[in-house]
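Given next are the chains, with one letter for each unit.
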Amino acid sequence: MSDQNQGTASTGAQGAQNPQGPQPGAQPPAGANVNINVDEKTLLILLHVTTVLGPVGLVALLVIWLTKKDQSPAINAHGKAVLNFQLSLLIYYFVGIVLTFVFIGVLVIIAVMVLAVYGVIMGAMKASKGELFKYPLTIPILGRVMQQAGMCAKCGYNLAGVTGGVCPECGTPISSKV
């Protein structure tokens, strides 16, 4: 009966018995960084939410990222991902403005706005779980964010402790630099 209650009513007792986290052998969620504390998670979420603030958000992102990137690999990886996304959005907005002269720019600008909202929501949700979100349609201006963070470039799986030459989640070959 206690086995059936694991994960429901007895989660508090289980947490008290094992304060370090999941049972040995349990796999963290794909891309999860298990060494992130609450303050880091808050900063990670804030990094992703800065996108909605436009140019002010870009300045806030740069301040947070540049001051904290050397203290936390997670903040460094998320900061690069969000900065790549924001710079990509700026490029797409510029293209949309140029294309307004041929009347399809308005559609491009609306599509970029939808992409920005989607990115903010998904990025913040993943960050709240300690995971790195791979933004769609992002130009990799700052390099290979996922691989630098020790995650599979294809699926975002956390490669910490993986001994094989391929990602156990999706089978993608792992670079020897990770």
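Provided above is the structure to which this section pertains.
Here's what I pulled together on the structure shown here. Counting restarts for each chain: residues are numbered from 1 in the order of the written sequence. Where totals are concerned, whole chains, interfaces and linings use all residues; where local detail is concerned, this predicted model gives features only for residues with pLDDT of at least 70, and gives and counts side-chain atom pairs only at 80 or more. Hydrogens and water are ignored here; the side-chain numbers use all heavy atoms of the structure.

**A closer look at the pattern of salt bridges**
Just to be clear on terms, a salt bridge is a Lys or Arg side-chain nitrogen sitting within 4 Å of an Asp or Glu carboxyl oxygen. In total, this model carries 1 salt bridge according to the counting rule given. Across the pair Glu131 and Lys126 runs a salt bridge, and its minimum N-O distance is 3.2 Å. The buried label goes to any residue with under 20% of its type's maximum accessible area, the exposed label to any with over 50%, and the partly exposed label to all in between, with areas taken from a 1.4 Å probe on protein chains only. With relative accessibility at 28%, the residue Lys126 sits in the partly exposed group.

**Side note on the packing of helix H4 (residues 55-68) against helix H5 (residues 73-99)**
Fitted lines through C-alpha atoms give the axes, limited to the stretch in contact for helices. The angle between two N-to-C directions lies from 0 to 180 degrees. In this text, helices come from DSSP runs of H or I with a minimum length of four residues, and strands from runs of E with a minimum of two, each type numbered from the N-terminal end. Close contact between H4 and H5 brings their axes to 10 Å; oriented N to C, the two are set at 155°. Accordingly, the angle class assigned to the pair H4 and H5 is roughly antiparallel. When the axes of H4 and H5 are compared, the crossing they make is left-handed. Together, Gly57, Leu58, Leu61, Leu62, Trp65 and Lys68 of H4 and Ile75, Asn76, Gly79, Lys80, Val82, Leu83, Gln86 and Leu90 of H5 make up the contact between the two elements. Classifying every residue of the contact of H4 with H5 gives 8 nonpolar, 4 polar and 2 charged. If an angle is under 35 degrees, it is roughly parallel; if it is over 145, roughly antiparallel; if it lies from 65 to 115, roughly perpendicular; otherwise it is oblique. A clockwise turn of the near helix away from the far one marks a right-handed crossing, whereas an anticlockwise turn of less than a right angle marks a left-handed crossing. The criterion used for residue contact is that any of the two residues' heavy atoms lie within 4.5 Å. Under the scheme applied here, ten amino acids are nonpolar (Ala, Val, Leu, Ile, Met, Phe, Trp, Tyr, Cys and Pro), four are charged (Asp, Glu, Lys and Arg), and all others, including Gly, are polar.

**Considerations on the nonpolar core**
Take the buried residues of types Ala, Val, Leu, Ile, Met, Phe, Trp, Tyr and Cys, join any two whose side-chain atoms come within 4.5 Å, and each joined set is a nonpolar core. In terms of nonpolar packing, the biggest core is built from 21 residues, with Leu44, Leu47, Leu61, Leu89 and Tyr135 touching the most fellow members. Among the secondary structure elements, those contributing two or more residues to this core are helix H3 (38-49), H4, H5 and helix H6 (105-128). Per-element accounting of this core gives the leading share, 8 residues, to H5.

**Brief notes about a nonpolar patch on the surface**
A patch is a set of surface residues, each over 30% in relative accessible area and not in a salt bridge, joined within 9 Å for like charges and within 5 Å for the nonpolar side chains Val, Leu, Ile, Met, Phe, Trp and Tyr. Every accessible area reported is derived by Shrake-Rupley at a probe size of 1.4 Å, with residue values counting cover from the shown protein chains alone. Side chains of Ile91, Phe94, Val95, Val98, Ile139 and Ile141 sit close together on the surface and give an oily, nonpolar patch of about 490 Å² of accessible area. In this structure, Ile141 sits in the loop between H6 and helix H7 (145-148).

Shape descriptors only; they carry no functional weight alone.
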